[in-house]
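# Coordinate analysis (summary)
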Amino acid sequence: MTGLLASVVIPAHNEQHVIGRCLRALTDGAADGELDVIVVANACDDDTAGVARSLGALVIETAEPGKANALNLGDARCRTFPRLYLDADIEISAAGVRDLVKALTAAGVLACAPAPQVDISHVGRPVRRFHTVLERLRGDRAAGLSGAGAYLLGEPAHRRVFPMPSRLIADDALVHRTFTEAERAVVDLVSVTIRPPRTVSALIRRRARVRIGNQQLAALGVPATEASLGMRKLFGLVRRKQVRWSDAGCFAAIVLTERAVTSARKLRRGNPAWSADRTTRS
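Reference entry: report on the structure contained in this document. The structure presented is a predicted model; accordingly, all values stated were derived computationally and were not measured.

## Structural notes on the sheet that holds strand S5 (residues 111–118)
Ordered in space as S3-S2-S1-S4-S6-S5-S7, the 7 strands form an open sheet in which the pairing is mixed. Looking at the sheet topology across the chains shown, the edges are occupied by strand S3 (58–62) and strand S7 (184–194). Within this sheet the neighbouring strands show an average axis-to-axis angle of 20 degrees, counted without direction. Sheet analysis places strand S4 (residues 83–86) next to strand S6 (residues 150–153), joined by 4 bridges and oriented antiparallel. The partner of Leu 86 across the bridge, within S6, is Ala 150.

Following this line, the structure appears as structure tokens:
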């Protein structure tokens, strides 16, 4: 028996195919009583809750959809700080959680996240070309707390972020923007695999949600802290022959289509309810 190291909240909407993988990785090497794991089965019509219970997690079931609501429900049941908020398709070991907790002891660090590694080995060719260009555009830009599917908050950081607005889409972007560069850290020692959408249509839907989420944050008075990656920079990369014209054209077509989809969704005023990308849930 060891002391309680951290609480872990996992919001899960129809994640029966990946929640087991997530929980097995999390408990791999964990001492008895080391992690307080809470899975919030959010508006599920599959066996997410049953799989999570069979692997020893505390499960909360709610019929109300929405990731932020699920995070708030799980957060209310946590027993300790710091708290790790983890997407159901992300795998991180107990050793990785320990390294994240250690990172919070650095002077001034209030929140941290693992380093994301994007796996494009199983995506379609246009999606692969898109991510290749995106990586070039980002260049040496410092990684942040969004995009890794996991972030760890100590108690002072938690007070800034929770409770989250119930209809919030981009929880990780909110967390990233809440802290200064000196207050947040990406722990390179801990990496997680990010599996992007496999098809162009799924990628466009995903990016449209991200854009709507960013616009929502701006409306809430939480603007972006970094400049956007614009087309001017893309054309500069092409001129310097760091990106091929064909790849740049593919990237631009996806971005322009995503913007059109975003505009159409806003005109319809539909509810951008949280949903997982099903192309990666196999």
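## Considerations on helix H3 (residues 67–76)
By the criterion of burial, H3 is predominantly enclosed, with 8 of the 10 residues buried. Residues of H3 that are buried: Lys 67, Ala 68, Asn 69, Ala 70, Leu 71, Asn 72, Gly 74 and Asp 75.

## Considering the layout of surface pockets
Unoccupied space between atoms shows up once a probe the size of one water molecule is rolled over them. Its boundaries defined by the atoms lining it, the second largest pocket holds a volume of some 240 Å³. In terms of lining, the second largest pocket is formed by 15 residues, of which the most central are Thr 27, Leu 35, Asp 36, Val 37 and Gly 56. Broken down by element, the lining of the second largest pocket gets its largest block of residues, 3 residues, from strand S2 (residues 35–42). Partitioning the lining of the second largest pocket into residue classes produces 8 nonpolar, 3 polar and 4 charged.

Thresholds applied
Residues numbered from 1 in each chain as written. Predicted model: local features only at pLDDT ≥ 70, side-chain atom pairs only at ≥ 80, totals over all residues. Heavy atoms only, no water. Pairing = 2+ DSSP bridges. Helix = DSSP H or I, 4+ residues; strand = E, 2+ residues; numbered from the N terminus. Axes fitted to C-alpha atoms, helices over the stretch in contact; angles between N-to-C directions. Buried < 20%, exposed > 50% of the residue type's maximum accessible area, 1.4 Å probe, protein only. 1 Å grid on protein atoms, 1.4 Å probe; cavity = no way out; pocket = protein on both sides within 12 Å on 5 of 7 lines; lining within 4 Å. Points joined across faces, edges and corners; volume = space filled by probe spheres on them. Nonpolar A, V, L, I, M, F, W, Y, C, P; charged D, E, K, R; others polar.

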